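Observations on the three-dimensional arrangement
Each chain, letter by letter, is given below.
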Amino acid sequence: MEAESEPYVRLATMRQLHQAVADLNTARSLADTLQTVADGIVTGLGYELACVNLVRPDGDLVVAAFAGNSAAEALITGRVGSRSSWERRLSMGECWDELCFIPHTDGWVLLDDDVPQWHTEGPEPRFEDEWHPQDRLYAPMYASGGGRDLLGVISVDRPRNGRRPGAWGREALQMYASQSAIAISNARLRANMQRALVRLEREQQALRASEESFRQAFEYAPSGMAIAEMGGDQHGRLLRTNDALCRLLGRPASVLRRHSFADLVHPEDVGTLLRTSAEGGRAELRLGRRDGTYLWVSLRNSVVADTADGPRFLLTHVEDIEERKRHELHLAHRASHDALTGLPNSAELRARLGARLCERPYSAATTAVEALDAAYGDAEDMDARMHGFRADGFEADAVAGGGPYDHHVHAVAPDSEQDDGTKGLAVLFCDLDGFKSINDRFGHHTGDAVLIEVARRLTTCVRDGDTVARLGGDEFVVLADGLGAADAADLAVRLRNAIIPPIRVDGRAVRVGASFGIGWAGCGMTAEEVLRSADQRMYVEKRSRSKVHRRAG
């Protein structure tokens, strides 16, 4: 029957197929496209029922669209068939090119598998090509690109003419399945693009919100903030500063942008800044203000990295720690200085004295060559030190006093009997005469005032690099470097003469005397040994003087 009117059937089918394919391109979403595929089978290809099974990401197939029967649509839409069951079906029956036809005589074995299905009962076929209700016809849809990646399967049922499709009907269904695969792929692509655009817009909104949050946090932070360039010729140049940093340094933002932190840092803190800038992290240093003063700040650097070009900027947090530093310096001064007189205390005196001494005693060299050998070691020892070992085989660093090229200036004690021109570190131990009687007669208030005035007089009589320290009670020590024996004796006389004049306290004049013992610091001695030597010489000097010269009050 179909053969007699084949040209007319082809033309009508072609028109219907063309309209069905055109409808595929009008769908806006993936869901609309899938439903349009099912509807096109019913309206354009002459089947009463059509079902679209779509491959899920896990490989199984889900009923994504149904057309032709609302009851069947409600029953099986959304149900899932396993991939293995579908592969079994597509490998059975008769292959009509890309189509798969399973006649009812073979399909009874599929009644109990997990593929969602809908069929109606009916009589046995009366002629050879009549359609049976349990016949099954599948049109696989493959992704474009020449591969065999299964995209889904179209299943059709109950052709309206009641016959199995002929050659042209099969070709039309196969062409429609191919166009449907393209439409579904395009719909998925559009959906992915739309999701990507939505995600991109959300990310851009989040980025704008993040940038605005950063801007507000940067601009309105209570402490200083700066962004500096990293790398290149303009390394360290400030690109952006907030108001808090401008107020902290007393400079407007336009001026700060012409500088880097290296231009503002205290000269002694340049090394600390460079290490911090290179590594990121934290540092405490001093920055210059517009009025020429320096302010202690804490810098915290964070390297802002660009994923393409590497580190590009330094985000610097600047916190004012001037008050804390002042408090720390005050505590350190209290720990190392006498609370009454403000002079270095006993611990500080011993620390300064110990810094000038080493463990190796100094032996005078008789020639210039011997002097060099004494300072640097002889030629054999020098060669060994340069290679890390001494001539005797021991490691050079194991020798007491330091490693190769030890440039320590040894402290030398001059000859106390005759002044041979040797200069050394003089230690003058001072003990006040008559101070106890002042304390007993006039009270501790007067005694404290006397100690404060004595400290002032001693300080005014020494050089800037000398040290005047209070050991405790009425004992003082003066460290004066670079003096000979005669120089130290003259200094002791000047200091004693400075102390002797009357000291007025609350309208009353009191006097104290002073006994001095001169000791010498020499390498190989400890600080305690040096102070003990000076103390003993002071007592020798005190006993050698008559009481009339030591009386005070």
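Everything in this summary refers to the structure shown in the same document.

Rules and cut-offs
- Residues numbered from 1 in each chain as written.
- Predicted model: local features only at pLDDT ≥ 70, side-chain atom pairs only at ≥ 80, totals over all residues.
- Heavy atoms only, no water.
- Pairing = 2+ DSSP bridges.
- Helix = DSSP H or I, 4+ residues; strand = E, 2+ residues; numbered from the N terminus.
- Axes fitted to C-alpha atoms, helices over the stretch in contact; angles between N-to-C directions.
- Contact = heavy atoms within 4.5 Å.
- Nonpolar A, V, L, I, M, F, W, Y, C, P; charged D, E, K, R; others polar.

What holds strands together in a sheet is hydrogen bonding between their backbones, with the strands either parallel or antiparallel. Strands sit in the order S14-S15-S13-S18 across an open sheet of 4 strands; the sheet is antiparallel. Each edge of the sheet is formed by a strand with only one pairing partner; in this case those strands are strand S14 (467-472) and strand S18 (513-521). Each strand axis lies, on average, 25° off the axis of its neighbour in the sheet, ignoring direction. As judged from the 5 bridges shared by S14 and strand S15 (residues 475-483), these two strands associate in the antiparallel manner. The residue of S15 that forms the bridge with Val468 is Val478. Against the sheet, helix H16 (residues 444-460) makes contact with strand S13 (424-433), S14, S15 and S18, and its axis sits at roughly 5° relative to S15, the strand it touches most. On the sheet, helix H17 (residues 485-499) packs against S13, S15 and S18 and is oriented at approximately 155° with respect to S18.

A few words on the packing of helix H15 (residues 435-442) against H16. Direction vectors running N to C along H15 and H16 enclose 145°, while the axes themselves pass 7 Å from each other. In this structure, H15 uses Phe435, Ile438, Asn439 and Phe442 to contact H16, whose residues at the interface are His444, Thr446, Gly447, Val450 and Leu451. Of the residues that constitute the contact of H15 with H16, the class distribution is 5 nonpolar, 4 polar and no charged.

As a further point, take the sheet that holds strand S6 (residues 136-142). Within the open sheet, the 7 strands sit side by side as S3-S2-S1-S7-S6-S5-S4. Their pairing is antiparallel. Each having just a single partner strand, strand S3 (80-81) and strand S4 (94-96) make up the two edges of the open sheet. Looking at chain direction, S4 and strand S5 (residues 99-102) are connected through 3 bridges and run antiparallel. Residue pairing in the sheet places Cys95 in a bridge with Cys100 of S5. Contacting strand S1 (47-55), strand S2 (61-67), S3, S5, S6 and strand S7 (150-159), helix H4 (residues 83-90) runs over the sheet at an angle of about 115° to S6. Along the sheet face, helix H6 (residues 167-219) touches S1, S4, S5, S6 and S7 and points at about 40° away from the line of S6.

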